[in-house]
Amino acid sequence: MVFEHAQKCRAFPTYKKMKTYKIAKMPGDGIGPEIVREGVKVIEAVSDKDNFKIDWVEYDNGAEKYLKEKVLMPEETLKEIKQTCRAIYLGALGDPRCKPGVLEKGILLKTRFYFDQFVNLRPIKLLDGVWCPLKDKGPEDINFTVVRENTEDFYVGIGNRAEKGKTKQELEVARSLYNVKFGLDIDSDSDEIGYQIGVMSKEGARRVIKYGFELAKKEKADTAYFVDKANVLSDIYNFWRENIESVGKGYNGIKPEYMFVDAITMWFVKNPEWFKVVTTPNMFGDIITDLGAMIQGGLGLAPGGNINPDGISMFEPIHGSAPKYKGMNRANPLATIWAGAMMLDEIGQPKAAESVVKAIEGVLKEGKVKTKDLGGSNTCSDMGDAVVKKLG
Ligand code: IPM
Ligand code: MN
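Since the model is a prediction, treat every value here as computed from it, not as a measurement. (Residues numbered from 1 in each chain as written. Chains lettered and ligands numbered in written order. Predicted model: local features only at pLDDT ≥ 70, side-chain atom pairs only at ≥ 80, totals over all residues. Heavy atoms only, no water.)

Let's talk about the packing of helix H6 (residues 202–218) against helix H7 (residues 234–248)
Between H6 and H7, the least distance of the axes is 9 Å, while the angle of their chain directions is 50 degrees. What the angle tells us is that H6 and H7 run oblique. In the packing of H6 onto H7, the handedness of the crossing is right-handed. Two secondary-structure elements touch here, H6 through Lys202, Ala205, Arg206, Val208, Ile209, Lys210 and Phe213 and H7 through Phe239, Trp240, Asn243, Ile244, Ser246, Val247 and Gly248. (Axes fitted to C-alpha atoms, helices over the stretch in contact; angles between N-to-C directions. Helix = DSSP H or I, 4+ residues; strand = E, 2+ residues; numbered from the N terminus. Parallel < 35°, antiparallel > 145°, perpendicular 65-115°, else oblique. Left-handed = near helix turned anticlockwise from the far one by under 90°. Contact = heavy atoms within 4.5 Å.)

Here's what the structure looks like:
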């Protein structure tokens, strides 16, 4: 419908200059297609209102394609997106018919790394009208952003197994920012070992630390929080701290505060109001943002953006593909719709982004339309419709 309207409008000279953005849409697996459908619905509605246009290019990478064609995320596809699209709108990846990690690493992480989306931005914001599991905490207490490093740490994907005896293994991290090779001579008398190497580079650490400080500055925070486990994984995370110290010298008036990952989970629950910006290495960021999602009302309400400030960013809910709800039209699409708003902001439509978040908040505050996770019985598409209606 919206499409028809946009087509017709082309006939009028006043619409000639309508700004158009080409966006790669990747619904993915499980509930992915349903939630992305609602996200697209909302983005179409707001773009119609605000006079810009999205050209969606659909990519069907995911479990189905992999099982049929053995194709995950080919270099040519990524190249094509790089040459033609402004951003990527992703549903979710993961399917019980595939071994854990195949789709996640072969599609999701491959895309994050290819586009060097080094920041995973995850707002933890309790919207008005949402039930919070923390007693006596409200929207004024839970309103911060997690800046998760998104290309390094224990996510670089190098590790292996070795059987008893002597083995030689070559491992490599190949990035646009740097290349690292490890040549390992293993000599073990254990029956078998498995190991995984975490890597942090000076360049990789400093750019995300800077992003964290910049965001803290923008938010007028006097403290910038940083996560690690330097008391045990000391080599990698003392290196992290040293870089924070030196980058932090450029930010007068913002004090870096270090928190161990175990401790910060406790403070998220006890004193979430302390935080404005929390910057974290990749793996700890993954873990603490699921907790963050819960204190903001659940996984159905937690959006994320994989950001390359100078390149192509990708927006997705932080939850997974929930295969058991696939095709049931019952998942909550708000996280995906909100991720869509983050995308609008990033491509240069901040007003539209704000309207979408306001509309989400409006629907939640009113409390008439609620999906199962929010204690109601409305469908995924009811929720999308409600947000469109609130946009006015
Ligand atoms: C997330 C997810 C991914 C991650 C998985 C699916 C690879 O859990 O986006 O939080 O660990 O980054
Ligand atoms: Mn996760």
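Comments concerning the side chain of Asp50
Tracing the chain through its elements places Asp50 in helix H2 (residues 32–50). Owing to a relative accessible area of 18%, Asp50 belongs among the buried residues under this scheme. Of the polar contacts made by the side chain of Asp50, one reaches the side chain of Lys351; its length is 3.5 Å. Leaving out residues up to four positions away in the same chain, Asp50 has contacts with Lys351 and Ala352. (Buried < 20%, exposed > 50% of the residue type's maximum accessible area, 1.4 Å probe, protein only. Polar contact = N/O pair within 3.5 Å; in protein donor to acceptor, adjacent residues only side chain to side chain.)

Topic: the side chain of Asp153
Within the secondary structure, Asp153 sits in strand S6 (residues 153–174). Excluding its chain neighbours within four sequence positions, the residues that come into contact with Asp153 are Ile197, Gly198, Val199, Ile236, Tyr237, Pro281, Asn282, Met283 and Phe284.

A word on the site of ligand 1
Every residue lining ligand 1 is accounted for by Glu104, Leu108, Arg112, Arg122, Arg148, Tyr155 and Asp286. For ligand 1, an oxygen atom lies 2.8 Å from a polar atom in the side chain of Arg112. Within the contact set of ligand 1, an oxygen atom lies 2.8 Å away from a side-chain nitrogen or oxygen of Asp286. The protein chains hide 78% of the 320 Å² of surface that ligand 1 would expose on its own. For ligand 1, the cavity whose grid points lie within 2 Å of the majority of its atoms is the second largest pocket. It is helix H5 (residues 102–114) that provides the largest number of residues to the shell around ligand 1, a total of 3 residues. Here the shell around ligand 1 is built from residues that sort into 2 nonpolar, no polar and 5 charged. (Near = heavy atom within 4 Å. Areas by Shrake-Rupley, 256 points an atom, 1.4 Å probe, with all protein chains shown as cover. 1 Å grid on protein atoms, 1.4 Å probe; cavity = no way out; pocket = protein on both sides within 12 Å on 5 of 7 lines; lining within 4 Å. Sits in = over half its atoms within 2 Å of the grid points. Nonpolar A, V, L, I, M, F, W, Y, C, P; charged D, E, K, R; others polar.)

Observations concerning the domain arrangement of the protein
Looking at the protein, the domain boundaries give domain 1 (21–126 + 304–392), domain 2 (132–152 + 200–296) and domain 3 (159–199). A C-alpha centroid distance of 25 Å is found between domain 1 and domain 2. Listed as interface residues are 18 residues of domain 1 and, on the opposing side, 25 residues of domain 2. Here domain 1 meets domain 2 over a buried area of about 1900 Å², counting both sides, of which 56% is carbon and sulfur. For domain 1, the biggest contributors to the area lost against domain 2 are Phe118, Ile124 and Leu126; these three give 43% of the whole. Remark: the boundary between domain 1 and domain 2 carries 1 salt bridge. Across the pair Arg207 and Asp116 runs a salt bridge whose closest N-O atoms are separated by 2.8 Å. Elements with a minimum of two residues in the side of domain 1 that touches domain 2: H5, strand S4 (119–125) and strand S11 (303–307). (Domains from an automatic or database assignment. Buried area = accessible area lost by both parts, 1.4 Å probe. Salt bridge = Lys/Arg side-chain N within 4 Å of Asp/Glu carboxyl O.)

Some thoughts on unusual backbone geometry
A positive phi angle, close to 50 degrees, is found at Asp116, a residue other than glycine. Mapped onto the secondary structure, Asp116 falls in the loop between H5 and S4. On the basis of relative accessibility, which here comes to 13%, the residue Asp116 falls in the buried class. The phi dihedral of Asp153 falls on the positive side, at around 65 degrees, and the residue is not glycine.

Thoughts on the layout of surface pockets
Where empty space is left in the structure can be found by rolling a water-sized probe over the atoms. In this structure, the largest pocket spans a volume of roughly 990 Å³. Leu121, Thr145, Lys218, Glu219 and Asp345 are the residues nearest the centre of the largest pocket, which is lined by 26 residues in total. Elements represented by at least two residues in the lining of the largest pocket include exactly S4, strand S5 (143–149), H6, helix H10 (334–347) and helix H11 (350–366). The biggest single contributor to the lining of the largest pocket is H11, with 6 residues. Here the residues of the lining of the largest pocket are counted per class, giving 14 nonpolar, 2 polar and 10 charged. Viewed by domain, the lining of the largest pocket spans two of them, domain 1 (21–126 + 304–392) and domain 2 (132–152 + 200–296), each represented by three or more residues. (Points joined across faces, edges and corners; volume = space filled by probe spheres on them.)

Some remarks on the environment of Val232
Along the chain, Val232 falls in the loop between strand S8 (223–228) and H7. When its relative accessible area of 55% is taken as the criterion, Val232 is described as exposed. Between the C-alpha atoms of Val232 and Phe260, which are 28 residues apart in sequence, the distance is 9.8 Å.

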